[in-house]
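What the coordinates show
Each chain, written out:
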Amino acid sequence: MGVRRLYVEKKPGFDVEAGGLLRELAGNLGISGLEGVRILQRYDTEGIPPVDYEKARILVFSEPPVDEIHDEAFPLADDEKAIAVSFLPGQYDQRADSAAQCIQLISLGDRPSVSVARIICLRGAISDADLDRIRHHVVNPVETHLVSMEKPATLQTVYPVPADVAVAHGFCAWNTEGLSAFVDEMGFAMSVEDLQFCQQYFRTEEKRDPTITELRMIDTYWSDHCRHTTFLTEIDSVSFPGGPVGTRIEEIWNLYLQTREEVHAGKRKPICLMDLATLGMKALRRKGILDNLDESEEINACSIVVKADVEGRSEEWLVMFKNETHNHPTEIEPFGGAATCLGGAIRDPLSGRSYVYQAMRVTGGGDPTLPFSSTLPGKLPQRVIATSAAHGYSSYGNQIGLATGQVSEVYHPGYVAKRMEIGAVVGAAPRGNVCRLRPDEGDIVILLGGRTGRDGCGGATGSSKEHTEESLASCGAEVQKGNPPTERKIQRLFRDPQVTRLIKRCNDFGAGGISVAIGELADGLDINLDAVPKKYEGLDGTELAISESQERMAVVVAPDSAAPFVEAARRENLEAVKVAVVTSENRLRMRWRGKTIVDVSRAFLDTNGVSQHAAIAVEEPDPGLSPFDRAPEGLGGHGPSLEEKWRTNLARLNVCSQKGLVERFDSTIGSGTVLMPFGGLHQMTPAEGMVAKLPVLSGQTNTGTVMSFGFNPDISSWSPFHGAVYSVAESLARLVACGGDPRQARLTFQEYFEKLGKDPARWGKPLSALLGAFWAQLSLGVAAIGGKDSMSGTFRDMNVPPTLVSFALAPMDIRQAVSPEFKQPGSTVVLLPVQRDSVGLPELDALGRTFDAVHRAMEGGHVLAASAVRFGGIAGAVSVMAFGNRIGLRMPDAFPETRLFCPDPGALILELPAGRAPDEVLKGIPLVVLGETLNEAVLQIGSLRMPLAGLESAWTETLETI
């Protein structure tokens, strides 16, 4: 049974992918002579019996109704040229893996070898220069390469035997210059000062030179990604400008210092960004506001206790939610980076033994409509990143069977420096299914799930680094490859309470691989790297220790629970292997080939390296650039008519429809989704958040969760302090608009900033943002119980906008959910504006009262529809509210254009049924009557009548071609 080759090609009419590539190459890349494109999947196989091969041809490799099958060779016309593209060696290829598994199900024998390549046939007058451009476009060197058209003699690979792990001989004696050269040689994220700290430890405590594995492992442990080095840097001094905003920020800084004294009660806690980020939660908990917080030593995800109504019975459930970024991987390999962003987000609540049932995707990018010719050297085109990342995230979610309830992409020129890719997920499980116990000496650590490869080596440290033009080529090994079917099996396994109750503690494999995932489970561990299942041979001990291969879990069980756990995993077709033992000695040891290659004290690891210090300078924002006091570009002055401005506003990147993007994602799988991503008879009004019922295995429930987000990069770029305050306000406004109770809401933040270095002004941006978020939490009585920080948003002299995204979640009765589309003619439409002070900050006490009043009105059934006022201002909000059911609105013409088109995060627009005065429904809340809904598809502003069809066309066409 030698190598057999098969080509599979879609029949005409089904070749949608080929048609899309033709349009992309001809239109966006400008290959004018290109007349046609064909795409074939090439399968090379070995080790399949002939009878099984014939079955596989039509059952595994192809679908005969839509595919043409070519054995050994395929027809190629004289005017066609073909190129073959395949994943790099060592990269996980899901198509090949799935094919091999399916064939094994047919044969019930040994697993065959399968190799896959993508053949692209190009027809037309294509020059050699054009062909080179096409090759460059379809091959991302981080993950793929061109391969030969010749058939190999065998698919068997002979892997080199890895050398023993080296010792860094002489390390303890190196001077500063030697250490600096070593940092460059090894590509460490550690500083020279960190290595000097390591020198001191190994010289005085271990009295030996470290191994390369130990240094790689320490570099991973102390990376910004794993140990939040930036957020734990001690703040030595803070200076504030004398302007009105700087004075206000200084007031909040003093409030923080005062609150620290009350919360820490004399304990010595360093002043740092991490303390500031978590202090709001601690202060509110002291006041008894966080009565449903689920606390434990595990830090997998935000966790709250919810009373669920299941078949009329009250049950305690744990609801867990988490936000995760993969900015760095998605920038250099969009499909895999975005896919594993979702996979990583799922793994955190999953490792908490909850079932993940809904996801949200929030991303930030540059303008995807710009031509490819505007792409910066060393970068992928923004259009390629946007579309490939959407494909990766949706592919993962759709395969694992996870409903994606909300998808939103935010555009800002700063995200050309590095993309923002956030996945946020919600999981839940009955509280009685989850046990959290401290590991005891002799307990067993089991590695569950996927095998280990080279993918992801160095990801934790790489994501902490500033990017350059060479990053695309040099960081390929840092990008993990997701395996959604394996994670789906783990989800199934962890839904079994008989399994989860065996688990004392669990950690997912993300950044840092074994060294962190297992290393964090207990203070004393003896890890056997020889027992780790591998994707292929040839991995050395260092690679096994730090590989971030996905879809793996580390679980701690008692010795007598190990066998039942392994057997339960086997029934789900999951590998489960004992790889470590908990010891009483507070040391982390790793053995490979029978030799100890890591042996360090836990106390040393827990220092997180040399203590970092920073001086911070807060800067005053330019009052002339305030986004609240001037109309967006092109929408002010006396130029175009109001109707033209209205259409221009709807066509703006951050206002226009993203329905084509959203429809790539499955929002209904699992039958738990309550609010569709687009509402109304015509499904044209985007929802303000996502609502789903709890994933009960049997019976019915009306208990669910609502989740929303808030962020405006234009406000944050002007003032990070204002940006954070309004992020919190907007996330809560959108949660309230969906029917959520603001008093039950819990927050989690995503911080994303430029590389800070030693620049006090750069440090002032995250400090200002966290102070704004701190003030908003205390003023609104809503705590952030989790978050994620990323400080690597720099490319050359470009930086991402100061970013603090607020995610809000609350339990709710799903029967109280409200959608944003207008429901009926004759209703009264009102605006609940945000009251601002002299420096543009919201009156948060008043805003809190507004949210409470709206929620009470919703509970009484007095609100038909609700929408938050975001990028497009009032004009954008009422337009999309009208699109869903094509119910129009009559408004007076007394609104200034800055009011119509400017953002107003935190403000709400409500549709109230006729028959009751708005002041009666919303007692004591300042409001403005915007108008009355019409039984006509038109927006009427005074005497101006604008048909909804024309406005909808302007709203949908901007990103239609993307």
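Residues numbered from 1 in each chain as written. Predicted model: local features only at pLDDT ≥ 70, side-chain atom pairs only at ≥ 80, totals over all residues. Heavy atoms only, no water.

By convention here, two paired aromatic rings are described through the distance between centres and the angle between planes. Scanning the model with the defined rule gives 24 aromatic pairs in all. Taking the centre distance of 4.9 Å and the plane angle of 65 degrees together, the rings of tryptophan 174 and phenylalanine 182 count as edge-to-face. Judged by its relative accessible area of 6%, phenylalanine 182 is buried. Ring centres 6.5 Å apart and planes at 15 degrees place the aromatic pair tyrosine 415 and tyrosine 752 in the stacked group. Placement of the pair is tyrosine 415 in the loop between β11 (403-411) and β12 (420-430) and tyrosine 752 in strand β25 (residues 746-752), with a sequence separation of 337 residues. An aromatic cluster of at least three residues, connected via ring pairs, comprises Phe197, Tyr201, Phe202, Trp222 and Phe604. A cation sits over an aromatic face here: arginine 4 above tyrosine 53, 3.9 Å from the ring centre. Lying across the ring of phenylalanine 795, lysine 379 places its NZ or CZ 4.1 Å from the centre. (Phe/Tyr/Trp six-rings, centres within 6.5 Å; stacked < 30°, edge-to-face > 60°. Buried < 20%, exposed > 50% of the residue type's maximum accessible area, 1.4 Å probe, protein only. Helix = DSSP H or I, 4+ residues; strand = E, 2+ residues; numbered from the N terminus. Lys NZ or Arg CZ within 6 Å of the ring centre and 35° of its normal.)

Here we take up the sheet that holds β12. If you walk across this open sheet you meet the five strands as β8-β9-β12-β10-β11, and the pairing is mixed. A strand with exactly one partner marks an edge of an open sheet, and here the two such strands are β8 (302-310) and β11. If you compare each strand with its neighbour and ignore which way they point, the axes differ by 20 degrees on average. As paired elements, strand β10 (residues 355-365) and β12 share nine bridges and run antiparallel to each other. In the strand pairing of β12, glutamine 358 is matched with valine 426. (Pairing = 2+ DSSP bridges. Axes fitted to C-alpha atoms, helices over the stretch in contact; angles between N-to-C directions.)

This next bit is on the pairing of strand β14 (residues 503-508). Of all six residues in β14, six are buried, a share of seventy percent or more. Two elements, β14 and strand β16 (residues 552-557), share five bridges in a ladder whose sense is antiparallel. Opposite isoleucine 503, over in β16, you have valine 557 as the bridge partner.

To continue, consider the nonpolar core. Of all hydrophobic cores here, the largest spans 188 residues; its most connected members are Trp646 and Leu922. Ignoring any residue separated from it by four or fewer positions in sequence, one finds leucine 922 in contact with Val830, Leu832, Ala853, Val854, Ala857, Leu910, Leu912 and Leu927. Grouped together as the second largest cluster of nonpolar side chains are 52 residues, Val165, Ile212, Leu525 and Ile527 included. (Core = buried A, V, L, I, M, F, W, Y, C linked by side-chain atoms within 4.5 Å. Contact = heavy atoms within 4.5 Å.)

Before going further, it helps to examine the side chain of serine 819. Of note, serine 819 is situated in the loop between β29 (803-813) and β30 (828-832). Note on serine 819: relative accessible area 16%, which makes it buried. A polar atom in the side chain of serine 819 sits 2.8 Å from the side chain of glutamate 821. Within polar-contact distance, the side chain of serine 819 engages the side chain of lysine 823 at 3.0 Å. Non-local contacts of serine 819, meaning those with residues more than four positions away in its chain, are made with Leu675, Leu864, Ala865 and Ala866. (Polar contact = N/O pair within 3.5 Å; in protein donor to acceptor, adjacent residues only side chain to side chain.)

Taken in spatial order, the six strands make up an open sheet running β3-β1-β2-β5-β4-β6, and their pairing is antiparallel. Two strands lie at the open edges of the sheet, namely β3 (67-71) and β6 (144-147), each paired on one side alone. Pairwise comparison of adjacent strand axes, ignoring direction, gives a mean angle of 30 degrees for this sheet. Two elements, strand β2 (residues 34-46) and strand β5 (residues 113-124), share 12 bridges in a ladder whose sense is antiparallel. Across the sheet, residue glycine 36 finds its bridge partner in β5, namely arginine 123. Along the sheet face, helix α2 (residues 50-59) touches β1 (4-10), β2 and β3 and points at about 15 degrees away from the line of β1.

Now for the confidence of the model for the protein. Of all residues in the protein, 97% have pLDDT values of 70 or greater, and the mean over the chain is 92. This model gives residues 459-478 a pLDDT under 50, and the stretch forms 65 contacts once residues within four places in sequence are excluded. (pLDDT = per-residue confidence, 0-100.)

Our next topic: unusual backbone geometry. When glycine is set aside, most residues are seen to have a negative phi, and most peptide bonds are trans. In this structure, leucine 108 takes a positive phi of about 55 degrees despite not being glycine. Mapped onto the secondary structure, leucine 108 falls in the loop between α3 (94-107) and β5. According to the relative accessible area criterion, leucine 108 is exposed, its value standing at 75%. Despite not being glycine, serine 671 has its phi angle at roughly 60 degrees, a positive value. Topologically, serine 671 is positioned in the loop between α23 (659-662) and β21 (678-679). Given the relative accessible area of 61%, serine 671 is considered exposed.

Looking at the secondary structure, you find valine 532 in the loop between β15 (525-528) and α19 (541-546). Residues valine 532 and arginine 451, 81 residues apart in the sequence, show an inter-C-alpha distance of 7.7 Å. Excluding its chain neighbours within four sequence positions, the residues that come into contact with valine 532 are Leu447, Thr452, Ile514, Leu544 and Val579.

What follows concerns the packing of helix α22 (residues 642-651) against helix α28 (residues 873-883). The geometry of α22 relative to α28 is characterised by a closest axis approach of 10 Å and an angle of 80 degrees between their N-to-C directions. Classified by the angle between their axes, α22 and α28 sit roughly perpendicular to one another. In this structure, α22 contributes Trp646, Asn649 and Leu650 to the contact, and α28 contributes Ala875, Gly876, Val878, Ser879 and Phe883. Partitioned by chemical class, the residues of the contact of α22 with α28 number five nonpolar, three polar and no charged. (Parallel < 35°, antiparallel > 145°, perpendicular 65-115°, else oblique. Nonpolar A, V, L, I, M, F, W, Y, C, P; charged D, E, K, R; others polar.)

What follows concerns the packing of helix α5 (residues 176-186) against helix α6 (residues 192-206). Relative orientation of the contacting elements α5 and α6 amounts to 115 degrees, with a least axis distance of 9 Å. In terms of orientation, α5 and α6 fall into the roughly perpendicular class. Two packed elements cross with a definite hand, and for α5 against α6 that hand is right-handed. Two secondary-structure elements touch here, α5 through Thr176, Leu179, Ser180, Phe182 and Val183 and α6 through Val192, Leu195, Gln196 and Gln199. (Left-handed = near helix turned anticlockwise from the far one by under 90°.)

Before going further, it helps to examine the pattern of salt bridges. Per the stated rule, a full pass over the model turns up 60 salt bridges. Glutamate 251 is the partner of arginine 248 in a salt bridge, and the nearest nitrogen-oxygen pair spans 3.6 Å. With a gap of three residues between them, arginine 248 and glutamate 251 both fall in helix α9 (residues 244-264), about one helical turn apart. In this structure, aspartate 904 and arginine 836 form a salt bridge, with 2.5 Å as the shortest nitrogen-oxygen distance. With aspartate 904 in the loop between α29 (897-901) and β33 (908-912) and arginine 836 in the loop between β30 and α27 (844-859), the pair connects residues that are 68 residues apart, well separated along the chain. (Salt bridge = Lys/Arg side-chain N within 4 Å of Asp/Glu carboxyl O.)

All right, on to empty space enclosed by the protein then. This structure, assessed with the given rule, holds four cavities of 30 Å³ or more. Reported here for the largest cavity is a volume of approximately 510 Å³. Surrounding the largest cavity, 31 residues form its lining, Val655, Cys656, Pro686, Arg734 and Arg870 being those nearest its centre. Elements represented by at least two residues in the lining of the largest cavity include exactly β11, β22 (685-686), β31 (865-868) and α28. For the lining of the largest cavity, the per-class residue count stands at 15 nonpolar, 12 polar and four charged. (1 Å grid on protein atoms, 1.4 Å probe; cavity = no way out; pocket = protein on both sides within 12 Å on 5 of 7 lines; lining within 4 Å. Points joined across faces, edges and corners; volume = space filled by probe spheres on them.)

If you check which residues of helix α31 (residues 948-957) are buried, you get Leu948, Leu951, Glu952, Ala954 and Trp955. Along the axis of α31, the buried positions cluster into a sector of 160 degrees, meaning they face one direction only. (Arc of directions from axis to C-beta.)

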